[in-house]
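Remarks on the overall topology
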Amino acid sequence: MIRGYQNVVAGEISRFEGHVAKFMGDGVLAYFGWPQAHEDEAERAIRTGLAATRAVGDLCTPEGQPLAARVGIATGLVVVGDLVGEGASQEETVVGETPNLAARLQALAEPGQVVVAEATRRLVGGGFDLDDLGRHQLKGLPVPVSAFGVTGEQALESRFEARAGPALMPMVGRDQELALLLERWAQAKVGEGQGVLLVGEAGIGKSRITLAVSDAVAEEPHVHIRYQCSPYHGDSALWPVIQQLSRVAGIAADDLPETKLDKLEALLARAGDATDAAPLISSLIGLDGEGRYGKLDLTPQARRVRTLEALVEQLLGLAAQEPVLLLLEDAHWIDPTTLELISQCLDRIVDAPVLLVLTSRPDQQPQLAAHPHVTRLSLNRLSRAGAEAIVARLSAGHGADRRAGKALPAELIDAIITRTDGVPLFVEELTKAILETGEISIPASLHDSLMARLDRIPEVKEVAQIAACIGRSFDHPLLTAVAGKPEPELIAALDQLAEVELIFRRGTPPDARYTFKHALVQDAAYEALLKSTRQRLHARIAQVLEEGATSEPELLARHHTQAGNATRAIECWHEAGIRAARSSANVEAIGHLRKGLQVVADLADGKERDRSELRLRLALTAPLIATAGYAAAETVETYQRARSLCDRLGDDEPLLPLLYGEWVQFIVGLADQSAGRSIAQRFLRLAEDRGDTDAVLTGHRMLGLSLVLLGEFSDGMAHTDRAISLYDSEKHSMLAQSFGQDPWVASQSAGRAWSLWHLGYPTQADQAIQAALDRAHELQHTNSTAYALFFTAVITESQRQDAELARQVAALLALSKEHQLSLWLAWGRIFEGWLEVRSGRLAGGLASIEKSLYGSTSADSRFGRSYFLSLQARAFELAGRTKEALRTVDRALELLDETSERFCEAELHRIKGALMLAGGSATDGAASFERAIAVARDQSAKSLELRAATGLARLWAEQGERQKALDLLAPVYDWFTEGFDTADLKDAKALLDELG
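Position labels on residues start from 1 in each chain and follow its written sequence. Local features are withheld for residues below a pLDDT of 70 in this predicted model, meaning they are given only at 70 or higher, and side-chain atom pairs are given and counted only at 80 or more; totals for whole chains, interfaces and linings count all residues. With hydrogens and water stripped out, all remaining heavy atoms of the structure feed into the side-chain values.

Things to note about the overall build of the protein chain
We count it as follows: Strands are runs of DSSP state E lasting at least two residues, helices are runs of H or I lasting at least four, and both sets are numbered from the N terminus onward. We compute the radius of gyration over the C-alpha atoms and compare it with the globule rule, which gives 2.2 Å times the number of residues raised to the power 0.38. Residue exposure (1.4 Å probe, protein chains only): buried if accessible area is under 20% of the type maximum, exposed if over 50%, otherwise partly exposed.
For the protein chain, the count of helices and strands is 46 helices and 16 strands. Expected size for 996 residues packed as a compact globule is a radius of gyration near 30 Å; at 39 Å, the protein chain overshoots this value by more than 25%. Considered along the principal axes of its C-alpha atoms, the protein chain spans approximately 130 × 70 × 60 Å. Taking all 996 residues of the protein chain together, the buried fraction comes to 54%.

Re the pairing of strand S9 (residues 194–199)
Successive side chains on a regular strand alternate, one facing one side of the sheet and the next facing the other. Using the following cut-off: When DSSP locates at least two bridges between a pair of strands, those strands are taken to pair.
The element S9 is extensively covered by neighbouring structure, given that six of its six residues are classed as buried. On S9, burial covers both faces: Gln194, Val196 and Leu198 on one face and Gly195, Leu197 and Val199 on the other are all buried. Where S9 lies against strand S12 (residues 354–360), six bridges are found, and the strand directions are parallel. Residue pairing across strands places valine 199 opposite serine 360, the latter belonging to S12.

Notes on the packing of helix H36 (residues 802–819) against helix H37 (residues 822–838)
Quick note on the threshold: For every element, the axis is a line fit to its C-alpha atoms; helices are fit only across the contacting stretch, and the angle between N-to-C directions ranges from 0 to 180 degrees. Roughly parallel means an angle under 35 degrees; roughly antiparallel, over 145; roughly perpendicular, 65 to 115; everything else is oblique. The hand of a helix crossing depends on one turn: near helix anticlockwise from the far one by less than a right angle means left-handed, and clockwise means right-handed. The contact criterion used throughout is that any non-hydrogen atoms of two residues lie within 4.5 Å. Three classes are used, and their members are as follows: Ala, Val, Leu, Ile, Met, Phe, Trp, Tyr, Cys and Pro are nonpolar, Asp, Glu, Lys and Arg are charged, and the others, Gly among them, are polar.
Remark: H36 packs on H37, axes separated minimally by 9 Å, with the N-to-C direction vectors making an angle of 150°. By the angle between their axes, H36 is roughly antiparallel relative to H37. Of the two elements, H36 crosses H37, and the hand of that crossing is left-handed. Along the contact surface, H36 presents Asp802, Leu805, Ala806, Val809, Leu812, Leu813, Ser816 and Lys817, while H37 presents Trp824, Leu825, Gly828, Arg829, Phe831, Glu832, Trp834, Leu835 and Arg838. Across the contact of H36 with H37, the residue classes tally to ten nonpolar, two polar and five charged.

Digging into the side chain of serine 798
Here serine 798 is to be found in helix H35 (residues 782–798). Using a relative accessible area of 8% as the deciding quantity, one classes serine 798 as buried. In this structure, serine 798 is in contact with Trp757, Arg947 and Asp984, ignoring residues within four places of it in sequence.

Things to note about the pattern of salt bridges
The criterion, for reference: By convention in these notes, a salt bridge is any Lys or Arg side-chain nitrogen within 4 Å of a carboxyl oxygen on Asp or Glu.
All told, the structure shown has 54 salt bridges when counted by the stated rule. Note that glutamate 340 and arginine 304 form a salt bridge whose closest N and O atoms lie 2.4 Å from each other. Here the residue glutamate 340 occupies a position in helix H13 (residues 336–348), and arginine 304 occupies one in helix H12 (residues 300–319), the gap between them amounting to 36 residues. Accessibility expressed as a relative area gives 30% for glutamate 340, which makes it partly exposed. Note that lysine 485 is salt-bridged to glutamate 462, the shortest N-O span being 3.2 Å. Residue lysine 485 is located in the loop between helix H19 (476–483) and helix H20 (487–499), and its partner glutamate 462 is located in helix H18 (residues 461–470); the two are separated by 23 residues in the primary sequence. We classify lysine 485 as buried; its relative accessible area is 19%. Residue classification places glutamate 462 among the partly exposed positions, given a relative accessible area of 45%. Through salt bridges with shared partners, a single ionic network connects Asp605, Arg609, Asp610, Glu613, Arg617, Arg641 and Arg648.

Examining the sheet that holds strand S10 (residues 223–228)
The strand order across the open sheet formed by five strands is S10-S11-S12-S9-S13, and the pairing between neighbours is parallel. Only two strands of the sheet have a single partner each, and these edge strands are S10 and strand S13 (374–378). Averaged over all pairs of adjacent strands, the angle between strand axes in this sheet comes to 15°, irrespective of strand direction. Strands in contact with helix H7 (residues 206–216) are S9, S10, strand S11 (324–329) and S12; relative to S11, the strand with the most contacts, it is inclined by about 165°. The strands touched by H12 within the sheet are S10, S11 and S12, with S11 carrying the most contacts at an inclination of about 140°.

Structural notes on H12
Which entries qualify depends on this criterion: Multiply 1.5 Å by the residue count of a helix minus one, and that product is the helix's expected span.
When the terminal C-alpha atoms of H12 are compared, their 29 Å separation across 20 residues agrees well with the 28 Å that a helix rising 1.5 Å per residue should span. Of the residues making up H12, those classed as buried are Thr307, Leu308, Ala310, Leu311, Val312, Gln314, Leu315, Leu316, Gly317, Leu318 and Ala319.

A short note on the packing of aromatic side chains
Put simply, the rule is: Two aromatic rings, drawn from Phe, Tyr or Trp (for Trp, its six-membered ring), form a pair once their centres lie within 6.5 Å of each other, and the interplanar angle then sorts them: stacked below 30 degrees, edge-to-face above 60, tilted otherwise.
This structure, assessed with the given rule, holds 23 aromatic pairs. A centroid spacing of 6.0 Å and a plane angle of 55° characterise the contact between phenylalanine 790 and phenylalanine 831, whose relative ring orientation is tilted. Pair noted here: phenylalanine 790 is in helix H35 and phenylalanine 831 is in helix H37, with a separation of 41 residues, a long-range link. With centroids separated by 5.6 Å and ring planes inclined at 50°, the aromatic side chains of tyrosine 867 and phenylalanine 868 adopt a geometry described as tilted. The residues tyrosine 867 and phenylalanine 868 share a single accessibility class, namely buried. Three or more aromatic residues joined by ring pairs make a cluster, and in this case those are Trp754, Tyr787, Phe790, Phe791, Trp824, Trp827, Phe831, Phe863, Tyr867, Phe868 and Phe903.

Details of the sheet that holds strand S16 (residues 513–516)
In spatial order, the strands read S14-S16-S15; together these three strands make up an open sheet with antiparallel pairing. The strands lining the two open edges of the sheet, one partner per strand, are strand S14 (473–475) and strand S15 (503–506). Sheet twist, expressed as the average angle between the axes of neighbouring strands with direction ignored, equals 20°.

Side note on the nonpolar core
Here is the rule: As used in this record, nonpolar core signifies buried Ala, Val, Leu, Ile, Met, Phe, Trp, Tyr and Cys residues forming a set joined through side-chain atoms within 4.5 Å.
Of all hydrophobic cores here, the largest spans 108 residues; its most connected members are Phe790 and Phe831. Those residues in contact with phenylalanine 790, other than ones at most four positions away along the chain, are Leu812, Trp824, Trp827, Phe831, Phe863 and Phe868. Judged by nonpolar contacts, the second largest core, of 73 residues, contains Ala493, Leu520, Leu529 and Leu556.

Observations regarding the side chain of histidine 559
With respect to the helices and strands, the residue histidine 559 is situated in helix H23 (residues 553–563). Excluding anything up to four places from it in sequence, histidine 559 contacts Cys469, Ile470, His538, Ile541, Ala542 and Leu545.

Some points on the environment of glycine 661
Mapping glycine 661 onto the fold places it in helix H28 (residues 655–670). In this structure, the C-alpha to C-alpha distance between glycine 661 and alanine 631, residues 30 residues apart in sequence, is 9.6 Å.

Structural notes on helix H42 (residues 905–918)
Note that an α-helix has 3.6 residues per turn; residues three or four places apart therefore point the same way. Between its terminal C-alpha atoms H42 stretches 20 Å, which fits the 20 Å expected from 14 residues at 1.5 Å a residue. The element H42 is extensively covered by neighbouring structure, given that eleven of its 14 residues are classed as buried. Among the structural elements, helix H40 (865–878), helix H41 (882–899), helix H43 (922–938) and helix H44 (942–958) are those in contact with the buried residues of H42. Trailing H42 by a residue or two, glycine 920 shows a phi angle of about 90°, which is positive.

Some words on unusual backbone geometry
With an omega dihedral of 10°, the bond running from proline 509 to proline 510 counts as a cis peptide bond. Structurally, proline 510 can be placed in the loop between S15 and S16. With a phi angle near 55°, alanine 671 is a residue other than glycine that sits in the positive phi range. Within the element layout of this structure, alanine 671 appears in the loop between H28 and helix H29 (673–690). On the basis of relative accessible area, alanine 671 is assigned to the buried category, the value being 0%. A positive phi is found at glutamine 780, a non-glycine position, where the angle reads about 55°. A relative accessible area of 63% means that glutamine 780 is categorised as exposed.

Re the environment of arginine 643
Along the polypeptide, arginine 643 turns up in helix H27 (residues 633–649). Between the C-alpha atoms of arginine 643 and isoleucine 434, which are 209 residues apart in sequence, the distance is 37 Å. In contact with arginine 643, other than residues within four places in its own chain, are Leu655, Leu658, Glu662 and Arg682.

Remarks on the confidence of the model for the protein chain
How we decide: As a per-residue quantity, pLDDT reports the predictor's confidence and falls between 0 and 100.
For the protein chain, the mean per-residue pLDDT works out to 86, and 91% of the residues sit at or above 70. Across residues 83–90, where pLDDT falls below 50, the model places eight contacts with residues more than four positions away in sequence or in other chains. Across residues 398–405 the pLDDT falls below 50, and counting only partners more than four positions away or on other chains, this stretch makes 14 contacts in the model.

Points about the packing of H18 against helix H22 (residues 531–547)
It is at 9 Å that the axes of H18 and H22 come closest, and there the two elements cross at 60°. Comparing their axes, H22 and H18 come out oblique. Between H18 and H22 lies a crossing whose hand is right-handed. Judged by residue contacts, Ile466, Cys469 and Ile470 of H18 engage Leu537, His538 and Ile541 from H22.

Some words on the environment of arginine 381
Put simply, the rule reads: Counting of polar contacts relies on pairs of N or O atoms within 3.5 Å, with two restrictions inside protein: one atom must be capable of donating a hydrogen and the other of accepting it, and residues adjacent in sequence are counted only when both atoms are side-chain atoms.
In this structure, arginine 381 sits in the loop between S13 and helix H14 (384–396). A C-alpha to C-alpha distance of 38 Å links arginine 381 and alanine 249, two positions 132 residues apart in sequence. The contact partners of arginine 381, leaving out residues within four places of it in the chain, are Arg174, Glu201, Ile204, Asp421, Gly422, Phe504, Lys517 and His518. A distance of 3.2 Å separates a polar side-chain atom of arginine 381 from the backbone oxygen of lysine 517.

Laid out in structure tokens, this is it:
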């Protein structure tokens, strides 16, 4: 008795292409989606459950007692292993929580009831009537789960609307296609019948466009007819038509036979006289009309012909009253008789107001495109902008599904767009999955449809899976070497994959290159492999690549990582990071090195692990300096972690680069220039003790900059000149990879050129900074170029050359944006705001300075803060906001005491003096000028002394003390031997001429 009942259930499972995995006592375990996947497995499982409960309900025991079955359905990924056991006891082993959940739901069900899990409910959308059974704590499951009882199947007008539910996304990026369809509708309305075959792959948006057409014409008088083809009824004649007629007529299963006929006649009468059509169509939809209409004495062929004629006449009868919009969804599943009906309709609507729109997938589209009245419209993938619009709308929340506050970061948006290839459904479902789980993986809503495409061609699935391990793109020779299959067999498999558009091919084997059409198809093929199989394939791929001496270490690194070859993977990630950094591809370098660190994290504790991590950390510092900045949290953390690893290993070999990291943190992050000088001195002593000439060069460069920032320009330039003299262009050009920028470029710009300007040699400063720029461009090292451009901007601004400053700032901003150099970008925008103020755009310029000065990136660094505040104070001065300017200067002067960053101290006192004068306090103004002159003289900063002396001399001249003014200014001006065309010297000369 049990075996008979089980056979009935097994028959229903087989009918919907499920797989009986195991007979368990009086139960049956069935898989849907293995060994072959379909795109609607959840729907198939529920249909099977309903059919099984009905079939078992018709059975009785020998004693006449009725039987009943309970069904539990859960959806999720499981691992299915090989057959175990023999004969009737053989079964496939399965690993995963899903079967256990299904079994618990079955126990929860009432006799004759189908109960489904939450994941299954989401997948079927509105296709079934469900009762919420609440949440239940089930045995063996850690948290309560939601359960839903299936009470029946919905009569669907559209599979798309049933699955989309009420929270339908607005249509994106299909304006042109919609316009063409509405143009065809306009032609149809005036009696020029039209057909449109809308072709596109699953998820591309065919049904969404038909819905948009329906919405666009909703307010117009018209008749709307919608046929929905079914994947289960491709051999059932006129199934879409039968379902549409029954649904629109409102025929219910429990209606009396006469009532059903009355409802059908009322529907048919809308098209005119239904006398001839009613007997044929009632028979078509399974109604017994013989008592009302008499017996149809027709052969089967004649009945078929006349039924099709009646259906066409019905359409034309409706069109005689109002324009008709007829939509036929999923024509790739159309049965032959319905296809013949559509063909006849197209022939007859030439002079009728009918628009017939069919949607179809490209690999099974009906042969209608050659019809003279049919327009074939292929849907292409969305543009990046369209995909981003979908992501943005979902991130912000729409309809009833609010996810406000979950805006996705740029890198996740890029990942979504890359993996979904412009398919709207893929974009929507992957975005939802990421918003819900935070993980980038194939969502359950797409998994079945993706695997179904592979399982339709099982004989080549293995080749697709091997290729998926290689990557989104793969070469024929590599696949040949890894797959180990005969060449004809491999080519045949690839041809078949290309034919069904799972892959694209360029070139001819053996020189061909292939690409998976969708990244998610590759993911699905890859994830269907057992982990052990994947590891074995990745190891084989890595071996083949190693034998071929690949020039892409990151490719080797990926395969060694996936193969579990940690040691070799770390070596390759390190090499990939170093190579990328040498090419100034700093973002890529950081990505490679971080992946190496992820591999290290899985290693057992020990010295080997620490050495591997230290090596990666040291390589990571320069790219982080370039992109995140010297004082960014990750940069600081990387240096600190490296120092900690050195201590644990007892290894002082990397001490010099680590001291450099500490020096950077002090001079850029904290702007504690006194501490920075001490570290630079220690670095130089250690380098000299070791006899390391490369490090000695770097030490002089470090100490030189520290002294310049302290306002000790002469001593600072002496050290930078020493660094320049030790530099060998061939030997030392790679030092930029270790220290973030080329030491010669840094010494020429921040050390020599900047010092020369302060010391009163503006022409030589221009020459030095130009030499630094030329060398940076020659090296093609991004961060060195940004470094030189920044200090060029500082010197150019100091010389008050606005046009040249604008040119250099534009170059700095462009470079920083292109290579994501966040700190240089923030500092460049301060100059950009200053130039706005100088050109009269006061409000915008001040806002830009404020935002850039205190933005998140700039906030990581106090380097040059006093100098940047001096620009802000002068901007306030130009805007007439004297009080705010004075507060800004005082804040900058206070900062000097905290940081000992005194290179702009004289200039701050000069600005304060000018502001005091503007506020009417001549005495305080003169005192500030005198303070500025004293500081400048102490620092030998002749350029700043001249600027302050000019301001004080002008004040004294206005007070009538012309000789005193002349005696102050003339000696300073006469000291200069160059730069007489600069603004400061011109101003001083003009004032001296006034004083006689």
